[in-house]
Amino acid sequence: MKHSNIFVFIETVGKEAHHVSWELIAKAKELSKKLEGSEVWGVLLGDEHEKIIKEAFARGADKVLYVKNSELNEYINYKYKAALVDMVRKYKPEIFLIGATLEGRELAGMVATELETGLTADCTGLDIIPEKEYLAMTRPTFGGNLMATIFCPEHQPQMATVRPGVMKAIEPDYSKTGETIVENYEMPALEKLLEVIERIPIENVSNLQFAPVVVAGGNGVGGPEGFKMLKKLADLLGGEVGASRAAVKKGWIDYEYQVGQTGKTIRPIVYFACGISGAIQHTVGIKESEIIVAINKDEEAPIFKIADIGIVGDLHKIVPALIEYIEKRLKSGVKQ
Ligand SMILES: Cc1cc2nc3c(=O)[nH]c(=O)nc-3n(C[C@H](O)[C@H](O)[C@H](O)COP(=O)(O)OP(=O)(O)OC[C@H]3O[C@@H](n4cnc5c(N)ncnc54)[C@H](O)[C@@H]3O)c2cc1C
């Protein structure tokens, strides 16, 4: 069976691409191997993104659909929707993947309703069902207690948004190239639905999703002071702090740092869970970490079931001891 293509929306942040776009291209590449004759197309909007095109090929895209119009350089939902809907109608992809960022979620809903097709939001797994050859979209539901696998067999494109950090991007290989399809896009006459008056930068933008080490704290940290201690350990290890929802709810740390189902999904090399019980809604966000270190005074805490290294004890004694040990090692010339 000859298949049509997989569209991956390349989200831009200024002149860079959002990392989730590369995660999705890598996943789409895997899926396209199971759909004979299909290709992965990165869909890029705007007219100043030549650099991103090169990276898209390096990250595994077969083609880039470059929808050129200067009005698309910044995200305006109804303009983006118009352009994407027109491109889907013209090129008829079989699957359309979008990152579940704030913008991506809004956009995917608008595009899917206009195209009258199905959309599964916030997927954590994507696969192709071998005989049927349609997309199996898996996402947590009912507060993370149930995983639902959803199909959209009769409408196209089959659309899904995927959370940043869930799929793994491939390392760029700049020797790879591909074909760029340039669409000089003429914006249709649209009623002005939205105007951006000002952009206010978010303070405290964390690097949580890309940090190699995350030192996270929960209820057991006991207050904002405890997070300063965790930050110290994170800084020593070249990492970032994270938090459970319990700590965020208490106002000890910003939501920006929340890890889990309603926070961020991360895959660091080392994850420290300090005073975190290990509720499913938390652990869904960390299960791809390479090494999980749990520090908890309750040896029955569920976090120990998924931890690679478990330390039973008071984090207010253990974390300072770790800091002291690492500082000593660093002073004696050991690299981070
Ligand atoms: C729809 C929904 C979505 C949710 N989304 C998220 C989410 O995105 N992220 C998230 O984290 N949670 C989420 N939750 C909440 C989740 O169910 C848990 O309530 C939460 O993760 C608990 O946080 P915690 O582990 O910090 O606190 P607790 O469960 O209170 O655990 C604190 C732990 O600290 C230990 N401790 C206490 N003092 C010390 C000490 N001095 N030294 C060492 N250990 C100590 C205790 O033994 C305990 O195990 C969600 C819940 C729902 C219903």
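Report on the accompanying structure. Model, not experiment: these values are computed from the prediction. (Residues numbered from 1 in each chain as written. Predicted model: local features only at pLDDT ≥ 70, side-chain atom pairs only at ≥ 80, totals over all residues. Heavy atoms only, no water.)

Looking now at the packing of aromatic side chains. Counted according to the given criterion, the structure contains six aromatic pairs. Judged by centre distance (5.5 Å) and plane angle (90°), the rings of Phe7 and Phe96 are edge-to-face. Of this pair, Phe7 sits in strand S1 (residues 6–10) while Phe96 sits in strand S6 (residues 95–99), and the two are 89 residues apart along the sequence. Looking at Phe7, the relative accessible area reads 1%, which means it is buried. Judged by relative accessible area, Phe96 falls into the buried class, the value being 0%. One aromatic cluster is present, formed by Phe7, Trp41, Tyr91 and Phe96 through successive ring pairs. (Phe/Tyr/Trp six-rings, centres within 6.5 Å; stacked < 30°, edge-to-face > 60°. Helix = DSSP H or I, 4+ residues; strand = E, 2+ residues; numbered from the N terminus. Buried < 20%, exposed > 50% of the residue type's maximum accessible area, 1.4 Å probe, protein only.)

Okay, the site of the ligand next. By nearness alone, 25 residues border the ligand, and Asn219, Ser244, Thr262, Ser277 and Asn296 come closest of all. Taking Lys297, its main chain carries an N or O atom lying 3.1 Å from a nitrogen atom of the ligand. With the chains in place, 76% of the 990 Å² that the ligand exposes on its own is no longer accessible. Those elements giving two or more residues to the shell around the ligand turn out to be helix H6 (245–249), helix H7 (280–283) and helix H9 (315–331). Taken together, the residues of the shell around the ligand sort by class into five nonpolar, 16 polar and four charged. (Near = heavy atom within 4 Å. Polar contact = N/O pair within 3.5 Å; in protein donor to acceptor, adjacent residues only side chain to side chain. Areas by Shrake-Rupley, 256 points an atom, 1.4 Å probe, with all protein chains shown as cover. Nonpolar A, V, L, I, M, F, W, Y, C, P; charged D, E, K, R; others polar.)

A few words on the side chain of Asn296. Considering the arrangement of structural elements, one finds Asn296 in strand S16 (residues 291–296). Given the relative accessible area of 10%, Asn296 is considered buried. Only 3.2 Å separates the side chain of Asn296 from the backbone oxygen of Ile276, close enough to count as a polar contact. A distance of 2.8 Å separates the side chain of Asn296 from the backbone nitrogen of Asp298, its partner in a polar contact. Leaving out residues up to four positions away in the same chain, Asn296 has contacts with Gly275, Ile276, Ser277, Ala301, Ile303, Phe304, Ile311, Val312 and Gly313. (Contact = heavy atoms within 4.5 Å.)

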